[in-house]
Amino acid sequence: MKEKINKYINDINNIVISNPVEASSFKNKYLTKKGVLNQLFSEFKQLPGAEKKETGQLLNKLKILAFSKLETVENNSKPNKNKEIIDVTLPSNYEEIGSVHPLSKVQENIVNILKKVGFSISKEREIEDDWHNFSALNMPQNHPARDMQDTFFIDLNPDILLRTHTSSVQIRHMEKHKPPIRIISPGRVYRKEDISARAHCIFHQIEGLYIDQNVSFSDLKAIINYFLKSLFGKDVKTRFRPSFFPFTEPSAEVDIYWGLESESDYRITKGTGWLEIMGCGMIDPNVLKNVNIDADKFSGFAFGLGIERITMLLYQIDDLRLFFENDIRFIKQFQKAF
Ligand code: DAH
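Residues numbered from 1 in each chain as written. Predicted model: local features only at pLDDT ≥ 70, side-chain atom pairs only at ≥ 80, totals over all residues. Heavy atoms only, no water.

**As for the environment of Pro 102**
For clarity, the cut-off: By the criteria applied, helices consist of DSSP H or I runs no shorter than four residues and strands consist of E runs no shorter than two, each listed in order from the N terminus.
Among the structural elements, Pro 102 can be located in helix H6 (residues 102-115). Note: C-alpha distance between Pro 102 and Pro 20 (82 residues apart in sequence) is 59 Å.

Here's what the structure looks like:
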């Protein structure tokens, strides 16, 4: 009998159980009522007393081996038991929450201020054609004003480009809508500039366009002053300087007096305390003609402002590049500011 038991021990040691079917046939063979173990135990009872001790020990070894074999197989085939235990008293996984980018926040503030006086948002494409970015805005081929804006062309096709300003939205919108028009358009613009603390090849603008009957320069001034007071506070000092843009006539640039309290103020305003905030003007009748709006009946104004510069001043950020690096240590500093 000992030989028989040893043979089973050997069998079990060599057996490989790799799936539930094999496990259940193992169980059937060794551990059921009529299985090997029970049969051996019945045989064992009939043994003469002298043989019982050694054979009994061997039989126990076989029993333990058979059970432990099955147990390890069952444990391995179960999905990890420990992982399934849910301890509801443990603190949950802490997911780090991002924060609003300062440019998004300032853009949102500006948009909200202008929405209050009836402007609605119009968004347009960033990949533009020559007509919408230049020609229709009164900048025909070879117009010197094109040199002011170094352009990224796509596939060396001089007709397709990354818009250099949001003024292209004026044309797209006027082609599709008739006056009265009162829109703002925030968005990204692109220029082939060397990247430095003061310049970047990507930046953000907000364009405004207002067209109706009898719109005058004083309407433009009123809206701009309302806007600047809402954004920078009631006491902000502003000035309109005559300027030139091909798509407006007359044109102006608007400055605010920010002061020179910090080193950042000094750098951002180039030591003057004044900061140019936007360009604006009355829409040139040629532009209205280009989009089939009757320039004798309608007039309007437009303005365009850069979001980066305003944000730099408001939050004392000296280096434009910080806006685009998405370094969480930079962005996080504004979590509390808003
Ligand atoms: N598009 C001009 C620029 O990027 C800014 C601008 C000036 C927009 C005058 C206007 C405007 O709408 O009337 O430099």
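**Considering the nonpolar core**
Side chains of a nonpolar character, in soluble globular proteins, are inclined to be buried together. In plain terms, the rule: Among the buried residues, those of types Ala, Val, Leu, Ile, Met, Phe, Trp, Tyr and Cys that are joined through side-chain atoms within 4.5 Å form a nonpolar core. Only protein chains enter the area calculation, which uses a 1.4 Å probe; residues under 20% of their type maximum are buried, those over 50% are exposed, and those in between are partly exposed. In what follows, residue pairs with any heavy atoms lying within 4.5 Å of each other are defined as contacts.
Formed by 41 residues in total, the largest nonpolar core has its most connected members in Ile 110, Phe 227, Leu 228, Met 278 and Phe 303. Those elements that place two or more of their residues in this core are H6, strand S6 (202-212), helix H9 (217-232), strand S8 (248-257), strand S9 (274-283), strand S10 (299-306), helix H12 (307-315) and helix H14 (328-331). Here the element with the most residues in this core is H9; it accounts for 7 residues. If sequence neighbours within four positions are ignored, Met 278 has contacts with Ile 224, Phe 227, Leu 228, Ala 252, Glu 253, Val 254, Phe 303, Gly 304 and Leu 305.

**Some points on the sheet that holds strand S3 (residues 153-154)**
The strands making up a sheet associate through backbone hydrogen bonding, with each pair oriented either parallel or antiparallel. The criterion, for reference: Think of it this way: DSSP has to see at least two bridges between two strands before they count as a pair.
If you walk across this open sheet you meet the 3 strands as S2-S4-S3, and the pairing is antiparallel. Unpaired on one side and paired on the other, strand S2 (127-129) and S3 mark the two borders of the sheet. In this structure, S2 lies alongside strand S4 (residues 157-162), joined through 3 bridges in antiparallel fashion. The residue of S4 that forms the bridge with Ile 127 is Leu 162.

**Some points on the packing of aromatic side chains**
Under the convention used in this document: A pair of aromatic rings is counted whenever rings of Phe, Tyr or Trp (Trp by its six-membered ring) have centres within 6.5 Å, and the orientation is called stacked for planes under 30 degrees apart, edge-to-face for over 60 and tilted otherwise.
Applying the stated criterion across every chain yields a total of 14 aromatic pairs. Between Phe 119 and Tyr 210 the ring centres are 6.0 Å apart and the planes differ by 65°, which places this aromatic pair in the edge-to-face class. Of this pair, Phe 119 sits in the loop between H6 and strand S1 (120-121) while Tyr 210 sits in strand S6, and the two are 91 residues apart along the sequence. Tyr 210 carries the same exposure label as Phe 119, and that label is buried. On the numbers, 6.4 Å between centres and 65° between planes, the contact of Phe 217 with Phe 240 is edge-to-face. Of the two residues, Phe 217 sits in helix H9 while Phe 240 sits in strand S7 (residues 237-245), which places them 23 residues apart along the sequence. Classification of Phe 217 as partly exposed rests on a relative accessible area of 26%.

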